[in-house]
Amino acid sequence: MKMWKKAASLALASALVVSLAACGSNGSDDSKEGSSSGSDVFMIGGIGPTTGNNAIYGTAVKNGIQLAVDEINADGGINGYQIEYQFEDDQSDSEKSVNAYNTLKDWGMQMLVGTVTSTPCVAVVEETHADNMFQLTPSATTVEAVQYDNAFRMCFSDPSQGTVSADYIAENGLATKVAVIYDSSDTYSTGIYQSFASEADAKGLEIVAAEAFTADSNTDFSVQIQKAKDSGAELVFLPIYYQQASLILAQADRAGFAPEWFGVDGMDGILDVEGFDASLAEGLMFLTPFTPDADDEATQTFVANYEKEFGDTPIQFAADAYDCMYVIKAAAEKADVTPDMSVSDMCDAMKSAMTEITIDGLTGKQISWDADGEPSKEPTVVVIKNGAYEVLQAE
């Protein structure tokens, strides 16, 4: 009799295990279809490089999100619900970024802030589109990063940056002869270059040299610099990241080449490059939606809180990410989204609300979005002066 009871108990335990496993399996499958998580908190994930060459960007985004999450939670959350937040490192690599996305899905992510860089974002947006998960990238600029209706961006796109740069250079009389040094192996760089070249032609700027490099040849720029110098360029446009820009400025100085320099948002961080003589960046102009030296109250409060929390001065990527969280809060509250909604239903509500909200953020005033995921806001150009960013006013 005792043996029978023991066997019956084991059978019952086995049945419960199978039953629970089946429930878990159904929950996992349902989550892929966008079913309810049953959570009483919003699960928001982030993806970007916190190690590797672009770690300064991902770290800034991670910290900017964290600061906003802490503030929002302390102020009562979103629609009365708290936020749980997790960030995954992708080393700016597409495969690692998709792996990070899957890790966050397993964790229970309902919305994604990311990815930080463009090529991984193009890979991940395929995943969020398939899952119909809401995605808001703070900084991925390639057009394809928001090619689906579930995806939006906080920053300007590559074409927008190229067009705005050419307009600013022409309309402010900075130069008539322009050279370009760009990374032909990078979608970010080539996208900006292509739109810049088209708009430069329309604005009467002459591109006297367009010199490319690749990821395999991004340390010695002597050939590109010499060709730009020989072309008579008055200004060199650099649609590249700050690491390569710092090398170009140093090598141009040794070559006795001192044109005007104009860059885009990837230039942010150049003053912090280890071993770089920051005085060589004096006079460098670039597009950026944010400068920590701005004297408005919102910026100064953000900078002070960021420095207190992380011991560092925030760059634009931190401000973009911080704004992203408040955009999510505004859209979620506009749509009356709650954590017990399915991922898919949440996304549908969010993408509709995104076209109805307008926010004042650190990276722009009266920012709004169209259904194509692109933001509408005014561009800002800064110049490095006395080792700090100073906003330039268009003439």
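Let us look at the structure shown here. The structure displayed is predicted, hence computed values, not measured ones. (Residues numbered from 1 in each chain as written. Predicted model: local features only at pLDDT ≥ 70, side-chain atom pairs only at ≥ 80, totals over all residues. Heavy atoms only, no water.)

**Details of the sheet that holds strand β1 (residues 42–48)**
Note: strands within a sheet are paired through backbone hydrogen bonds, in either parallel or antiparallel orientation. Spatially, five strands are ordered β2-β1-β3-β4-β5 in an open sheet, and the strand pairing comes out parallel. Unpaired on one side and paired on the other, β2 (83–89) and β5 (151–153) mark the two borders of the sheet. Averaged over all adjacent pairs, the angle separating strand axes in this sheet is 20°, with direction ignored. Note: β1 against β2, seven bridges, orientation parallel. For Gly45, the partnering residue across the bridge sits in β2 and is Gln86. Along the sheet face, helix α2 (residues 55–74) touches β1, β2 and β3 (111–113) and points at about 175° away from the line of β2. Where helix α4 (residues 118–131) meets the sheet, it contacts β3, β4 (134–137) and β5, and its direction lies at approximately 165° from that of β4. (Pairing = 2+ DSSP bridges. Helix = DSSP H or I, 4+ residues; strand = E, 2+ residues; numbered from the N terminus. Axes fitted to C-alpha atoms, helices over the stretch in contact; angles between N-to-C directions. Contact = heavy atoms within 4.5 Å.)

**Let's talk about the environment of Pro379**
Note that Pro379 resides in the loop between β13 (375–376) and β14 (381–385). For Pro379 and Phe156, which are 223 residues apart along the polypeptide, the C-alpha to C-alpha distance reads 8.5 Å. Not counting residues within four places of it along the chain, the set of residues in contact with Pro379 comprises Phe156, Val164 and Leu287.

**Some remarks on the packing of helix α10 (residues 316–335) against helix α11 (residues 343–354)**
It is the contact of α10 with α11, at a shortest axis distance of 8 Å, that shows an interaxial angle of 105°. Considering their axes alone, α10 and α11 lie roughly perpendicular with respect to each other. Contacts between α10 and α11 involve Val327, Ile328, Ala331, Ala332, Lys334 and Ala335 from the former and Ala349, Met350, Ala353 and Met354 from the latter. (Parallel < 35°, antiparallel > 145°, perpendicular 65-115°, else oblique.)

**A look at the sheet that holds strand β9 (residues 260–263)**
In space, the seven strands of this open sheet follow the order β7-β6-β8-β9-β10-β14-β15, with mixed pairing throughout. With one partner strand each, in any of the chains shown, β7 (206–213) and β15 (388–392) form the two edges of the open sheet. Taking each pair of neighbouring strands and ignoring which way they run, the sheet shows an average axis angle of 25°. Sheet topology note: the β14/β15 ladder contains five bridges and is antiparallel. By the bridge assignment for β15, Val383 is matched with Glu390. Sitting on the sheet, helix α6 (residues 187–202) is in contact with β6 (177–183), β7 and β8 (235–238), with an inclination near 160° to β6.

**A look at the environment of Phe87**
Secondary-structure assignment places Phe87 in strand β2. Each C-alpha atom, one on Phe87 and one on Thr50, is 9.4 Å from the other, the two residues being 37 residues apart in sequence. Setting aside residues up to four positions removed in sequence, Phe87 forms contacts with Gly46, Ile47, Gly48, Thr50, Gly58, Val61, Lys62, Ile65 and Val116.

**Details of the side chain of Ser246**
Residue placement: Ser246 occurs in helix α8 (residues 242–254). Those residues within four positions of Ser246 in sequence are excluded, and the remaining contacts are Ile270, Val273 and Phe276.

**Details of the pattern of salt bridges**
With the rule as written, the count across this model stands at nine salt bridges. The shortest N-O distance in the salt bridge between Lys203 and Glu171 comes to 3.2 Å. Taken as a pair, Lys203 in the loop between α6 and β7 and Glu171 in helix α5 (residues 158–171) lie far apart in primary sequence, 32 residues in all. The exposure class assigned to Glu171 is exposed, which follows from its relative accessible area of 52%. In this structure, Glu211 engages Lys227 in a salt bridge whose closest nitrogen and oxygen atoms are separated by 3.9 Å. A residue pair is termed long-range when its members are at least 10 positions apart, and Glu211 in strand β7 and Lys227 in helix α7 (residues 222–230) qualify at 16 residues. Glu211 gets classed as buried once you look at its relative accessible area, which sits at 15%. On the basis of relative accessibility, which here comes to 44%, the residue Lys227 falls in the partly exposed class. In this structure, a network of salt bridges that share partners links the residues Asp149, Asp348 and Lys351. (Salt bridge = Lys/Arg side-chain N within 4 Å of Asp/Glu carboxyl O. Buried < 20%, exposed > 50% of the residue type's maximum accessible area, 1.4 Å probe, protein only.)

**A look at the pairing of β9**
Direction of pairing for β8 relative to β9: parallel, over a ladder of four bridges. Bridged to Leu238 within β9 is Gly263. Between the parallel pair β8 and β9, the chain is carried across by α8, and the sense of this crossover is right-handed. Where β9 lies against strand β10 (residues 285–287), two bridges are found, and the strand directions are parallel. Opposite Gly263, over in β10, you have Phe286 as the bridge partner. (Right-handed = clockwise from strand over helix to strand, strands pointing away.)

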